[in-house]
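A closer look at the structure
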Amino acid sequence: MATASSVPASPSGLPPSGPLTYCGYLRLADLLTAQVPVVRPPARDELAFIVTHQTYELWFKLLLADLELVRDEMFAGRPAAASRVFERIHVVGRVLLEQLAVLEFMTPADFAEFRDALAPASGLQSAQFRELEFLSGREAPVPPERACAGLGPEERDAVLRRLAEPSVWDGLRHLLRELDTGGRDVGEAAGEDSLPATLARIAAGQEPGTGELRRLVAHLYAYDEEVVAWRTRHADLAARLIGDTPGTGGTSGVDYLRRAARRRFYPLLHDLFGACPA
């Protein structure tokens with residue numbers, strides 16, 4: 001018999017009124033009624049568009065949790081544990097990329113049936129994706145007002161909290177400062193000016209005793225490339241569907257997406273591993 005402490009709590013914090021069920025555990029009554037088309041009569045592909053984007057947000061939620069764990073393992077000095085978490089992150093990255101195939105069935109005419117009704121909503125308003133950028137370690141400092149543009153109060157607070165947190169890149173720099181390698185502290189030579197040289201030696205396998213750290217750096221590089229691949233395929237999809245039409249959120253549309261696709265979290269790692277693959 002379940003004790004009071006082992007009875008699962010409902011979202012309200014109260015014990016459920018009966019035994020836990022599959023539908024109750026997954027909140028399917030809420031989940032499956034959250035797909036509400038904006039055009040009437042419903043456009044054929046709008047449901048696919050909504051489901052795909054809602055699913056992306058769920059995967060973003062998992063990625064945020066896993067990247068937090070990666071960062072925390074780095075600050076704890078456990079590169080091998082951080083690498084294990086990256087194994088799942090790579091799987092999610094592949095899912096995100098292939099999920100675009102659902103939308104690639106649409107023709108420009110199909111999308112036009114409901115696209116205008118979406119304005120001024122835009123993917124730019126995905127607070128979780130902005131969080132992913134900042135948690136990953138977006139290099140260029142972003143003014144808070146720009147980071148939170150178009151967001152509601154709750155989303156704004158979440159993004160600002162993320163901006164104030166250490167990033168995954170900060171975790172790597174911490175490892176380079178703190179990890180003792182070959183009888184000396186790699187971090188003594190890992191200031192901002194010497195970071196490229198230190199990483200180059202690790203990437204090339206020239207730093208004794210850094211096998212686990214090199215694997216972790218390779219995981220960061222692979223993750224970055226996965227995001228670039230997703231951005232690029234998304235830009236290609238947008239180019240086919242909307243051509244040179246401006247974005248619903250007021251951007252230049254495909255041109256903006258193309259420029260974003262060229263932006264990497266870790267350009268230094270791209271330079272290193274492009275010449276010295278893991």
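As the structure is a computational prediction, the values presented were derived from the model and not from experiment.

About the thresholds
Residues numbered from 1 in each chain as written. Predicted model: local features only at pLDDT ≥ 70, side-chain atom pairs only at ≥ 80, totals over all residues. Heavy atoms only, no water. Axes fitted to C-alpha atoms, helices over the stretch in contact; angles between N-to-C directions. Helix = DSSP H or I, 4+ residues; strand = E, 2+ residues; numbered from the N terminus. Parallel < 35°, antiparallel > 145°, perpendicular 65-115°, else oblique. Left-handed = near helix turned anticlockwise from the far one by under 90°. Contact = heavy atoms within 4.5 Å. Buried < 20%, exposed > 50% of the residue type's maximum accessible area, 1.4 Å probe, protein only. Lys, Arg positive; Asp, Glu negative; His and termini not counted. Salt bridge = Lys/Arg side-chain N within 4 Å of Asp/Glu carboxyl O. Expected span 1.5 Å × (residues − 1).

The next thing to look at is the packing of helix α9 (residues 168–178) against helix α11 (residues 211–242). In contact at an axis separation of 12 Å, α9 and α11 are set at 160 degrees when each is read in the N-to-C sense. Of the possible angle classes, the one that applies to α9 and α11 is roughly antiparallel. Here α9 and α11 pass one another in a crossing that is left-handed. Two secondary-structure elements touch here, α9 through Val-168, Trp-169, Leu-172, Leu-175 and Leu-176 and α11 through Leu-213, Leu-216, Val-217 and Leu-220.

Take the side chain of Glu-226 next. Looking at where Glu-226 falls in the secondary structure, it is placed in helix α11. For the buried Glu-226, no salt bridge exists, and the shortest N-O distance to an oppositely charged side chain is 5.0 Å, to Arg-94.

For α11, with 32 residues, the first-to-last C-alpha span of 46 Å sits near the 46 Å given by 1.5 Å per residue. A positive phi of about 60 degrees marks Gly-243, the residue just after α11.

Here we come to the pattern of salt bridges. Under the defined criterion, the tally for this structure stands at 19 salt bridges. Its salt-bridge partner being Asp-45, residue Arg-44 comes within 3.4 Å of it at the nearest N-O pair. The exposure class of Arg-44 is exposed, given its relative accessible area of 62%. Across the pair Arg-215 and Glu-212 runs a salt bridge, and its minimum N-O distance is 3.0 Å. Placement of the pair is Arg-215 and Glu-212 together in helix α11, with a separation of three residues, close to one helical turn. Among the residues examined, Arg-215 registers a relative accessible area of 46% and is labelled partly exposed. Three or more residues joined by partner-sharing salt bridges are found here, namely Glu-68, Arg-71, Asp-72, Glu-131, Arg-162 and Glu-165.

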